[in-house]
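Chain by chain, the residues:
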Amino acid sequence: MWLPAPLKAILESFVGIEGSRDVLDRLRDPGEIMNGPRMGAMKSMRMSFAQLLARRMIDERWAIKRQWFECDEEGDGRGFYIIEAGEFVLSYVVRCFRWDGIEKVGRRSDGVKRDMFGAIFLGIPDESRIAREFASIEGTDVDSMRTEADVTGWTPASRSARFFDHVVDSLVAGVQPDPAILSAGAGYLLRNGGYLGSGRQGSVSIAGLPDGHPFRHPYFGDLFGLVMVRQVSIDLVNAIAAARNPRAAKLAPDIARNLGVGNSSGQGMCVALQRWPEWVATWMAVRELALAFATSRPIDDASTLRLSGLLDRAVAYFSSIELPCEDYVVPAKTLSCNLAQIKAMLGTGGRTWGEFADRVDSAYDAETAEQLNSLLVEVYPDFADAISAYIQTGAIRDRDLTPEMSVGELRDILRRNYDWALRYDMRQSKTRQHFWYHSIDNGEQRRGERIIDPHEEFESFIDHIGLIQRLACVLISYDDAISVAEVVADEPDLSYGIARVQYLANDAYAEIRDNLIHRDFLPAHLIRFFLGILGIESTSPLSIRYVRGVFFQGLPLPEELAAGCDDDWKFQIFDESRDKLRGSAA
Amino acid sequence: MTVSAAMSEIVRVGGWALRGLGYQFGVAERGIPFIAWAEAAHGQVIRSLRLTEESTTASARRPAPQRRLESETSWLVDGHDKHLLEIGPPAIDLLTMGSRKSGYSSVRISNMFGLFLVPALCSVAARRKIVAIAIYRSADDEQGPDGFLRSAAIVALPASAGPAFLVGTTSRSEDAIETAITDVAPALADTVRAARAQLKERGANSLHFFGLNDDNFSDRIDNGDFRVVDYSQRVLEAYRRGVPVDDQDLTYLYNVEKRTWAPTSERSRSQAGYGKF
């Protein structure tokens, strides 16, 4: 299987040319894994974006310094932070609003109804600029709220009402909140309202950031926004409690550390995956190569010990969590039991980790198998970290057309890479039942039914099988020697499809081999996949098109980042907090 | 009032706005970066879209352009009164294809509008390492940004920091272009002269593109009578600092985007993510 040159070079530096062939032989067949259910089973890995960002923050000892934070008894207030992010400086302003008693789940249709709004600045703005930004984020009309190119993005967020109040009430009473209650709520106080960056509302375009800036890495800006939301959640409960009772307790670090940021994602994520297939191709190439490397390694005492420890932590973690809904997932407790059984299989034979993984794959469900795969990658961190660098470069592609390519050459690529799409039978209406559209409710992405629901003519692009089949049909009407430039001159609308086929020609994991507009397709699969890529450990679909999870539970706190800390914060659980609290004063 | 719009904002919102004006997904997806580039390079492009909405919308429904090979390396495209945001990029594809295969080529487009996109189109060819030359003249009634030259000869040269642009408006600059092109591609001599002749005619828009696969063109052309224009630098700055856009024009872009948003209803709300099914 073809590998991008940078990945090939790294692989050969680790195992030589001969060894590379063994690893490449272990790469999984895209035909077997690039489908909704299997991708939905894939787990957060060492090279998921949250983990990558955290590692950079830890390695560079980012300093998140609260300059001031003031609020009243109801949480109406403001704050300002300065962040030293390696060689770059950022700052963050936050406006917290008095809670209106309405639980907001973080949907785009909620518009500007949020409980807090933050803005990340490049550098440190002066007071008048800060005042201008506060005036913007206090607006009530989402259409008129605008920022400037010195802001990387806005971070709206909303309270998890029940658990927020429990924490504040506990601190006011001078005690720590009950970790059991917090873990039952999946461990967060504020819920992500959707990062508004990358040019939205006038924020800076990613391409306009300085070279080497951390936010040039895909999703680092978005995820750092969540890091700040998490920090604000901690500071806010402390400040509200102090406003109500000057002798209130402060949230203990062991509890604060296990708080993350709630997140709910909808079916719009499927559209993003389809629109930017080079992202999927890059993420999957890196993940699968890391897995192929790990499974090509011989089983030895050191790697067995490491995997055993990771399995113990995973068993404890999945045993401790309670998902709000387990209709579409392998239940956490089942996952925990399965991983415990897998741990018992260690030392029972097999020469390579690949043989071990194959046994697990044939004996257990896909989620259990993929969780093991994620842990196997962790056993070989050096290789995983080395190839992770490709995630940033591989996702930036020249999506330009190659106009001089002939129709015959393009058809060869279609035959080679898209036989699965060309052979897909789209005749029955159920195969084309759905389309994605934007709603007047703040542009929220929804999924309608053709013929019945309006605005099909404005459907979001998601039907790549239909596009490929149309392209193939049109190409047949041309002589093979004709250039694609001439085809595009006659059919300008096909330029997107032709360019897509061309620039993905060598990417093994380029396309999702599933029909996303089929009646029976579950968007939740791909939403879970995307959230795993972003770095959520455990995702829970609340419906077939809406998935919840928590980011950054267990991430070291700012004081720990600044002092230097271990980059292993995976699978933190509240039970550990409870145990530590039993031995310490409130 | 002027606001600062982000380049990626113009692309994101504008892509949907072009759908709202009636363009298909592939055309909108391809056309909007040219709109954003041109807005950054010389401004008022969104304004031009707003002021020509009726003709732009009508052009989306017109029949597909017709192309004809006039010689081995020269194309004539009848644009059927379509906007260059739709037919310009494919014309550059023909130019690129011919230049890469034969070393040079030309594409003449008749019956089109939106000439303010010419520098953006040349930029794409230059990023493809093709020297792109455009000789154009706009009709008296062609709506365009203030200050956009109604006729000119533009040269876009491939360069590592982004294409370098020379803009000429005099006979001397036309002479320099004719000499430089025919040095490399004598077969294009008549076509260049025809393009120059059309510059002097009144009437409909005229547009000729020339493409050359020539690494030495910048040494070959006498650029004494040209103005160097920093379009590429303006675009880079636009990514860093945003693009100043009239509030009315940005609001227009957002409003046209919203034409692609479906009305809400109980059924529509049930098709959102939240909720059991």
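For every chain, the first residue of the written sequence is number 1, and numbering continues from 1 along that sequence. Chain labels run from A onward and ligand labels from 1 onward, assigned in the order the entries are written. It should be noted that, the model being predicted, local features are given only for residues of pLDDT at least 70 and side-chain atom pairs only at 80 or more, the latter also being counted only at that level, while totals for whole chains, interfaces and linings use all residues. The side-chain quantities take in all heavy atoms of the structure and omit both hydrogens and water.

## Let's talk about the overall build of chain B
At step 1: Think of it this way: any DSSP run of H or I at least four residues long counts as a helix, any run of E at least two long counts as a strand, and we number them from the N terminus. Scanning chain B for helices and strands turns up 12 helices and 11 strands.
At step 2: Against the 2.2 N^0.38 benchmark of 19 Å for 277 residues, chain B shows a C-alpha radius of gyration of 20 Å, consistent with a compact globule.
At step 3: Counting only C-alpha atoms, chain B reaches 70 × 40 × 35 Å along its principal axes.
At step 4: When checking whether two residues touch, look at their non-hydrogen atoms; a contact exists if any pair is within 4.5 Å. For chain B, long-range pairs separated by at least 24 residues make up 73% of all intrachain contacts whose partners lie at least 6 apart in sequence.
At step 5: Of the roughly 11,000 Å² that chain B leaves accessible, carbon and sulfur atoms contribute 48%.
At step 6: Within this scheme the basic residues Lys and Arg register as positive and the acidic residues Asp and Glu register as negative, but His and the chain ends are omitted. Throughout, a charge is located at the NZ atom of Lys, the CZ atom of Arg, the CG atom of Asp or the CD atom of Glu. On chain B, the mean spot of the 33 positive side-chain charges and the mean spot of the 33 negative ones are 6 Å from each other. Based on C-alpha atoms, the radius of gyration is set beside the globule rule, defined as 2.2 Å times the residue count to the power 0.38. Per-residue accessibility takes into account occlusion by the displayed protein chains alone, with areas from the Shrake-Rupley method and a 1.4 Å probe.

## Looking at the sheet that holds strand S7 (residues 164–168) of chain B
Residue and element names in this part refer to chain B.
At step 1: Taking strand neighbours across the sheet as the criterion, the 8 strands line up as S2-S3-S4-S8-S5-S6-S7-S9 in an open arrangement whose pairing is mixed. Looking at strand neighbours, the two that pair on one side only are strand S2 (66–71) and strand S9 (227–229), the edges of this open sheet. Going across the sheet, the axis of each strand differs from the next one's by a mean of 20°, ignoring polarity.
At step 2: Pairing between strands requires that DSSP locate at least two bridges from one strand to the other. One ladder, built from 7 bridges, connects strand S3 (residues 74–83) with strand S4 (residues 104–113); its direction is parallel. Its bridge partner lying in S4, histidine 83 is registered against phenylalanine 113. Here, axes are lines fitted to C-alpha atoms. For helices the fit covers the stretch in contact, and angles between N-to-C directions go from 0 to 180 degrees.

## Structural notes on the environment of glycine 350 of chain A
Residue and element names in this part refer to chain A.
At step 1: If you trace the backbone, glycine 350 turns up in the loop between helix H13 (332–345) and helix H14 (353–363).
At step 2: For glycine 350, a relative accessible area of 47% puts it in the partly exposed group.
At step 3: Separated by 346 residues in the primary sequence, glycine 350 and proline 4 have C-alpha atoms spaced 31 Å apart. Three labels apply to residues, based on accessible area from a 1.4 Å probe with only protein chains included: buried if under 20% of the type maximum, exposed if over 50%, partly exposed otherwise in between.

## Brief notes about the side chain of lysine 82 of chain B
All names here are of chain B.
At step 1: Inspection of the secondary structure assignment puts lysine 82 in strand S3.
At step 2: Each polar contact in these results corresponds to two N or O atoms within 3.5 Å; when the atoms are within protein, one needs to be able to donate a hydrogen and the other to accept it, and residues that are neighboring in sequence are counted only if both atoms are side-chain atoms. Side-chain polar atoms of lysine 82 contact the side chain of glutamate 86, separated by 3.1 Å.
At step 3: The contacts of lysine 82, once residues within four sequence positions are left out, are Ser59, Ala60, Arg62, Pro63, Ala64, Pro65, Ile87, Asn111, Met112 and Phe113.

## Some remarks on the packing of aromatic side chains
All names here are of chain A.
At step 1: Whether two aromatic rings pair depends on their centres lying within 6.5 Å, for rings of Phe, Tyr and Trp, where Trp uses its six-membered ring; planes under 30 degrees apart make the pair stacked, over 60 edge-to-face, and the rest tilted. On inspection of all chains with the given rule, the structure shows 31 aromatic pairs over all chains.
At step 2: Between tryptophan 62 and phenylalanine 224, the ring centres sit 5.4 Å apart and the planes meet at 65°, which makes this aromatic pair edge-to-face. Of the two residues, tryptophan 62 is situated in the loop between helix H4 (49–59) and strand S1 (63–71) and phenylalanine 224 in helix H8 (residues 220–244); the sequence distance between them amounts to 162 residues. Neither residue differs from the other here; tryptophan 62 and phenylalanine 224 are each classed as buried.
At step 3: Relative to tryptophan 154, the ring of phenylalanine 117 lies with its centre 5.6 Å away and its plane at 90°, an arrangement referred to as edge-to-face. Of this pair, phenylalanine 117 sits in strand S4 (residues 116–122) while tryptophan 154 sits in strand S5 (residues 151–159), and the two are 37 residues apart along the sequence. The exposure classification of phenylalanine 117 matches that of tryptophan 154, with both residues buried.
At step 4: Cluster of aromatic residues (ring-pair linked, three or more members): Phe49, Tyr219, Trp276, Trp279, Trp283 and Phe530.
At step 5: Ring-over charges, as used throughout, are those where CZ of Arg or NZ of Lys falls within 6 Å of the ring centre and within 35 degrees of the ring normal. Over the ring of phenylalanine 134 we find arginine 78; its NZ or CZ atom is 4.2 Å from the centre of that ring.
At step 6: The ring of phenylalanine 293 carries arginine 297 above its face, with NZ or CZ at 4.5 Å from the centroid.

## Some words on the packing of helix H1 (residues 7–20) of chain B against helix H2 (residues 25–42) of chain B
Residues and elements named next belong to chain B.
At step 1: Two numbers describe how H1 lies on H2: the axes approach to 8 Å, and their chain directions differ by 135°. With respect to each other, H1 and H2 are oriented oblique. Note that H1 runs across H2; the crossing there is right-handed. Together, Met7, Ile10, Val11, Gly14, Gly15, Leu18 and Arg19 of H1 and Phe25, Ala28, Gly31, Ile32, Pro33, Ala36, Trp37, Glu39 and Ala40 of H2 make up the contact between the two elements.
At step 2: All amino acids are sorted into three groups, where Ala, Val, Leu, Ile, Met, Phe, Trp, Tyr, Cys and Pro are nonpolar, Asp, Glu, Lys and Arg are charged, and the leftover types, Gly among them, are polar. Across the contact of H1 with H2, the residue classes break down as 11 nonpolar, 3 polar and 2 charged. An angle below 35 degrees is treated as roughly parallel, one above 145 as roughly antiparallel, one from 65 to 115 as roughly perpendicular, and anything else as oblique. Should the near helix be turned counterclockwise from the far one by less than a right angle, the crossing is left-handed, whereas a clockwise turn marks it as right-handed.

## Remarks on unusual backbone geometry
All names here are of chain A.
At step 1: Although it is not a glycine, isoleucine 451 adopts a positive phi angle of roughly 75°.
At step 2: Non-glycine residue phenylalanine 552 carries a positive phi angle of around 65°.
At step 3: A relative accessible area of 2% means that phenylalanine 552 is categorised as buried.

## Examining helix H5 (residues 127–137) of chain A
Residues and elements named next belong to chain A.
At step 1: Taken residue by residue, H5 has Arg129, Ile130, Glu133, Phe134, Ser136 and Ile137 as its buried positions. The buried residues of H5 occupy one face: seen down the axis, they fall within an arc of 160°. Every exposed residue of H5 that faces more than 90 degrees away from the buried side is listed here: Glu127 and Ala135.
At step 2: Buried residues along H5 sit against S1, strand S2 (77–85), strand S3 (88–96), S4 and S5. The arc in question is formed by the directions pointing from the helix axis toward the C-beta atoms.

## Looking at helix H10 (residues 231–241) of chain B
Residues and elements named next belong to chain B.
At step 1: Of the residues making up H10, those classed as buried are Tyr231, Ser232, Val235 and Ala238. Buried residues in H10, looked at end-on, bunch into an arc of 120°, giving them a common side.
At step 2: One or two residues past the end of H10 sits glycine 242, with phi positive at roughly 90°.

## Some thoughts on the environment of glycine 208 of chain A
At step 1: By secondary structure assignment, the location of glycine 208 of chain A is in the loop between strand S7 (196–197) and H8.
At step 2: Once the C-alpha coordinates of glycine 208 of chain A and glutamate 84 of chain A are considered, the two residues, 124 residues apart in sequence, prove to be 20 Å apart.
At step 3: With residues near it in sequence (within four places) discarded, glycine 208 of chain A still touches Arg216 of chain A together with Tyr239 and Arg240 of chain B.

## Observations regarding the interface of chain A and chain B
At step 1: Each partner contributes residues to the interface: chain A has 65 residues there, and chain B has 54 residues.
At step 2: Summed over both partners, the accessible area (1.4 Å probe) lost when two parts come together is defined as the buried area. Summed over both sides, the interface between chain A and chain B buries roughly 4,900 Å², with carbon and sulfur atoms accounting for 51% of that surface.
At step 3: In what follows, salt bridge is the name for a side-chain nitrogen of Lys or Arg lying within 4 Å of a carboxyl oxygen of Asp or Glu. The tally of links between chain A and chain B comes to 8 salt bridges.
At step 4: A salt bridge links aspartate 490 of chain A to arginine 67 of chain B, with the shortest nitrogen-to-oxygen separation between them at 2.8 Å.

## Let's talk about the pattern of salt bridges
Note that side chains of opposite charge can pair when their charged atoms are close.
Residues and elements named next belong to chain A.
At step 1: Tallied over the full model, the rule gives 76 salt bridges over all chains.
At step 2: Close ionic contact of aspartate 385 with arginine 55 constitutes a salt bridge, the shortest N to O distance being 3.2 Å. Placement of aspartate 385 in helix H16 (residues 381–388) and of arginine 55 in helix H4 is noted, with a sequence separation of 330 residues between them.
At step 3: On the basis of relative accessibility, which here comes to 10%, the residue arginine 55 falls in the buried class.
At step 4: Here aspartate 463 ties to arginine 432 by a salt bridge, and the two come within 3.0 Å at their closest N and O atoms. Placement of the pair is aspartate 463 in the loop between strand S10 (445–449) and helix H20 (464–476) and arginine 432 in the loop between helix H19 (419–422) and strand S9 (434–439), with a sequence separation of 31 residues.
At step 5: With a relative accessible area of 12%, aspartate 463 lands in the buried category.
At step 6: Overall, arginine 432 belongs to the partly exposed group, its relative accessible area being 29%.

## Re the pairing of S9 of chain A
At step 1: Taken across its 6 residues, S9 of chain A has 6 buried, putting it largely inside the fold.
At step 2: Two elements, S9 of chain A and S10 of chain A, share 5 bridges in a ladder whose sense is antiparallel. Bridge assignment links tryptophan 436 of chain A to a residue of S10 of chain A, and that residue is arginine 447 of chain A.
At step 3: The hairpin turn running from S9 of chain A into S10 of chain A, its antiparallel successor, is 5 residues long, and asparagine 442 of chain A in that turn takes a positive phi close to 60°.
At step 4: Relative to strand S11 (residues 261–262) of chain B, S9 of chain A is paired through 2 bridges, and the arrangement is parallel. Paired with histidine 438 of chain A across the bridge in S11 of chain B is tryptophan 261 of chain B.

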